[in-house]
Amino acid sequence: MNTITKTKTGVFPKLALEMVLRDELIMAAEVEAATLGNTLPVSPAAAAVAPVPMDSLVVVELLCAVEPILGFAPSDATVRTGGYNSVQDAIDHLMPRLERQWHQKQGVSK
């Protein structure tokens with residue numbers, strides 16, 4: 001797991017956040033796939049789009065990994081009820097919501 005801390009640049013840390021989210025989600029997807037008797041593709045790009053259901057509670061738990069980057073704990077409501085169908089599905093849903101929360105905490109309207 002990569003450790004990245006919050007920067008004070010005033011710029012949303014999109015790349016760092018996405019990297020940590022992707023790593024955490026792929027680890028969760030590996031566990032979910034193994035539970036179903038499957039394995040994820042070796043390629044990170046293929047693993048990200050592999051159809052692996054991920055429970056919303058699992059995704060809520062891994063949000064703590066992004067707290068050091070954001071500088072705050074994201075709302076549990078960031079995660080879609082019912083979960084996600086793939087790592088990329090989760091990233092596509094979470095990133096705009098995390099960015100919105102980050103801007104609100106920074107006092108920036110976007």
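Residues numbered from 1 in each chain as written. Predicted model: local features only at pLDDT ≥ 70, side-chain atom pairs only at ≥ 80, totals over all residues. Heavy atoms only, no water.

Caption draft 1: Representation of the packing of aromatic side chains within the structure. Tallying each qualifying case throughout the model produces one aromatic pair. Across from the ring centre of Phe 72, 5.4 Å away, lies the NZ or CZ of Lys 105, which sits over that ring. (Phe/Tyr/Trp six-rings, centres within 6.5 Å; stacked < 30°, edge-to-face > 60°. Lys NZ or Arg CZ within 6 Å of the ring centre and 35° of its normal.)

Caption draft 2: Examining the packing of helix H1 (residues 14-35) against helix H5 (residues 87-106) more closely. In the contact formed by H1 and H5, the axes pass within 10 Å of each other and the chain directions differ by 145 degrees. Considering how the two elements wind past one another, H1 and H5 form a crossing that is right-handed. Of H5, the residues touching H1 (which contributes Lys 14, Leu 17, Glu 18, Leu 21, Arg 22, Leu 25, Ile 26 and Ala 29) are Val 87, Gln 88, Ala 90, Ile 91, Leu 94, Met 95 and Leu 98. Residues belonging to the contact of H1 with H5 are distributed by class as follows: eleven nonpolar, one polar and three charged. (Axes fitted to C-alpha atoms, helices over the stretch in contact; angles between N-to-C directions. Helix = DSSP H or I, 4+ residues; strand = E, 2+ residues; numbered from the N terminus. Left-handed = near helix turned anticlockwise from the far one by under 90°. Contact = heavy atoms within 4.5 Å. Nonpolar A, V, L, I, M, F, W, Y, C, P; charged D, E, K, R; others polar.)

Caption draft 3: Structural view of the nonpolar core. Of all hydrophobic cores here, the largest spans 33 residues; its most connected members are Leu 17, Leu 21, Leu 25, Leu 40, Leu 70, Val 87 and Leu 94. Those elements that provide at least two residues to this core are H1, helix H2 (44-49), helix H3 (56-62), helix H4 (67-70) and H5. With nine residues, H1 is the largest single contributor of residues to this core. Residues within four places of Leu 94 in sequence aside, it is in contact with Leu 21, Val 59, Thr 78, Val 79 and Tyr 84. (Core = buried A, V, L, I, M, F, W, Y, C linked by side-chain atoms within 4.5 Å. Buried < 20%, exposed > 50% of the residue type's maximum accessible area, 1.4 Å probe, protein only.)

Caption draft 4: Region of interest: the side chain of Gln 101. Relative to the helices and strands, Gln 101 resides in helix H5. If near-sequence neighbours (up to four positions away) are discounted, Gln 101 is found in contact with Phe 72, Pro 74, Ser 75 and Thr 78.

Caption draft 5: Focus on the side chain of His 93. Relative to the assigned elements, His 93 resides in helix H5. On the basis of relative accessibility, which here comes to 12%, the residue His 93 falls in the buried class. Reaching out from His 93, the side chain makes a polar contact with the side chain of Tyr 84 at a distance of 2.7 Å. Look past the residues within four positions of His 93 in its chain and what remains in contact with it is Thr 78, Val 79, Arg 80 and Tyr 84. (Polar contact = N/O pair within 3.5 Å; in protein donor to acceptor, adjacent residues only side chain to side chain.)

Function cannot be inferred from these measures alone, as they are strictly geometric.
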